[in-house]
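Residue-level listing of the chains:
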Amino acid sequence: HAEWIPLASDIEPRLQAREPVTRQEIGLESGSSISATFGNLYKVSGSGYLRVLSEILNRFPKHFHLFAGAGNVKAIRSHLHNQGVLPRVRFLGHVEDVAPLLGMIDVYLASFPHSGGHSLLEAMGAGKPIVVLRFPPDSHYNSGAELVGTPELIAPGEANYIEIADRLLRNPSLREKQSQVMLNRFRAEFRPDRLGERYKAFLAHFER
């Protein structure tokens, strides 16, 4: 008997308790839309993810992207500079709590091949549409697709990832719809009390 149960996220009470950061406070008031990726920067340093992010930024000249996480930015900045998109990327470094950032975000772009499952749950619990890349079942990478669980947001390849992000950024009503889908899924499957039930059921299996 085996089951993977993610770490619980208390994002909902944290969103209520913390004052949100505004676009004006970090100089992004001119942006038409904002995406973000959270977690250690080693997760976003692969050429595939950076290639996808650069294409999205090039398609939307007024779009900005946020990174929140510790790590070496040199290679990442170099790649984005070469693609001409670095001025619209912000590196916030290690952030103790990402909850205040979530209010300004339109779309969460999951890194790959390492997505950071907890970061996905944080975005999901804040009702943000998430774009994630799916890996084959026998892959040793955990893309987070099983957490998102919504076919419209799960890309089988990099080109599909770009197209999903493109549709979300161009269509506010689609973003709103998928935001509600993500929030509903979080509340049904990943709230702390729900995960607690799953942990108890898992442990009870071994007590029989």
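Our structure's up above, just so we're on the same page.
Being a predicted model, the structure only gives us computed values, none of them experimental.

Participant: What should I look at first to understand the overall build of the protein chain in this one?
Facilitator: The secondary structure content of the protein chain amounts to nine helices and six strands. Per-residue burial over the protein chain gives 47% buried out of 208 residues.

Participant: What should I look at first to understand the environment of Gly-157 in this one?
Facilitator: Turning to its location among the elements, Gly-157 is positioned in the loop between β6 (154-155) and α7 (158-170). Sequence-wise, Gly-157 and Val-132 are 25 residues apart; in three dimensions their C-alpha atoms are separated by 9.7 Å.

Participant: Help me understand the packing of aromatic side chains, please; the structure alone is not making it clear to me.
Facilitator: Two aromatic rings, taken as a pair, are described by how far apart their centres are and by the angle between their planes. Under the defined criterion, the tally for this structure stands at five aromatic pairs. Ring plane angle 20° and centroid distance 5.2 Å describe the contact between Phe-67 and Phe-91, whose orientation is recorded as stacked. You can see Phe-67 sitting in strand β2 (residues 63-68) and its partner Phe-91 sitting in strand β3 (residues 89-91), a full 24 residues away along the chain. Among the aromatic residues, ring-to-ring pairing joins Tyr-49, Phe-67, Phe-91, Phe-112 and Tyr-161 into one connected group.

Participant: For this particular structure, what's the right way to read the packing of helix α2 (residues 47-59) against α7?
Facilitator: Each pair of packed helices can be summarised by the angle the axes make with each other and by the distance between the axes. Interhelical geometry of α2 versus α7 gives an angle of 35° and a closest axis separation of 10 Å. Along this stretch, α2 crosses α7, giving a crossing that reads as right-handed. Side by side, α2 and α7 meet where Gly-48, Tyr-49, Arg-51, Val-52, Glu-55, Ile-56 and Arg-59 of the first sit next to Glu-158, Tyr-161, Ile-162, Glu-163, Ala-165, Asp-166, Leu-169 and Arg-170 of the second. Here the contact of α2 with α7 is built from residues that sort into seven nonpolar, one polar and seven charged.

Participant: Help me understand the packing of α2 against helix α3 (residues 74-82) in this model?
Facilitator: Closest axis-to-axis distance for the α2/α3 pair is 10 Å, and the angle between their directions is 40°. One finds that α2 runs oblique with respect to α3. Note on packing geometry: the crossing formed by α2 with α3 is right-handed. Residues Ser-47, Leu-50, Arg-51, Leu-53 and Ser-54 of α2 form the contact with α3, whose own contacting residues are Ile-76, His-79 and Leu-80. Classifying every residue of the contact of α2 with α3 by side-chain character gives four nonpolar, three polar and one charged.

Participant: Help me out: how do you make sense of the pattern of salt bridges in this one?
Facilitator: Side-chain pairing between opposite charges can occur once the charged atoms of the two side chains come close. The full count for this structure, using the stated rule, is 11 salt bridges. The shortest N-O distance in the salt bridge between Arg-14 and Asp-97 comes to 2.6 Å. Linking Arg-14 in helix α1 (residues 11-17) with Asp-97 in the loop between β3 and α4 (99-102), this pair joins segments that are 83 residues apart in sequence. Each member of the pair, Arg-14 as well as Asp-97, carries the same accessibility label: buried. Where Arg-18 meets Asp-97, a salt bridge forms, and the shortest distance between an N and an O atom there is 3.0 Å. Residue Arg-18 is located in the loop between α1 and β1 (33-38), and its partner Asp-97 is located in the loop between β3 and α4; the two are separated by 79 residues in the primary sequence. The exposure class assigned to Arg-18 is partly exposed, which follows from its relative accessible area of 41%. One connected set of salt bridges, linked through shared partners, spans Asp-10, Arg-14, Arg-18, Asp-97 and Glu-122.

Parameters and conventions
Residues numbered from 1 in each chain as written. Predicted model: local features only at pLDDT ≥ 70, side-chain atom pairs only at ≥ 80, totals over all residues. Heavy atoms only, no water. Helix = DSSP H or I, 4+ residues; strand = E, 2+ residues; numbered from the N terminus. Buried < 20%, exposed > 50% of the residue type's maximum accessible area, 1.4 Å probe, protein only. Phe/Tyr/Trp six-rings, centres within 6.5 Å; stacked < 30°, edge-to-face > 60°. Axes fitted to C-alpha atoms, helices over the stretch in contact; angles between N-to-C directions. Left-handed = near helix turned anticlockwise from the far one by under 90°. Contact = heavy atoms within 4.5 Å. Nonpolar A, V, L, I, M, F, W, Y, C, P; charged D, E, K, R; others polar. Parallel < 35°, antiparallel > 145°, perpendicular 65-115°, else oblique. Salt bridge = Lys/Arg side-chain N within 4 Å of Asp/Glu carboxyl O.

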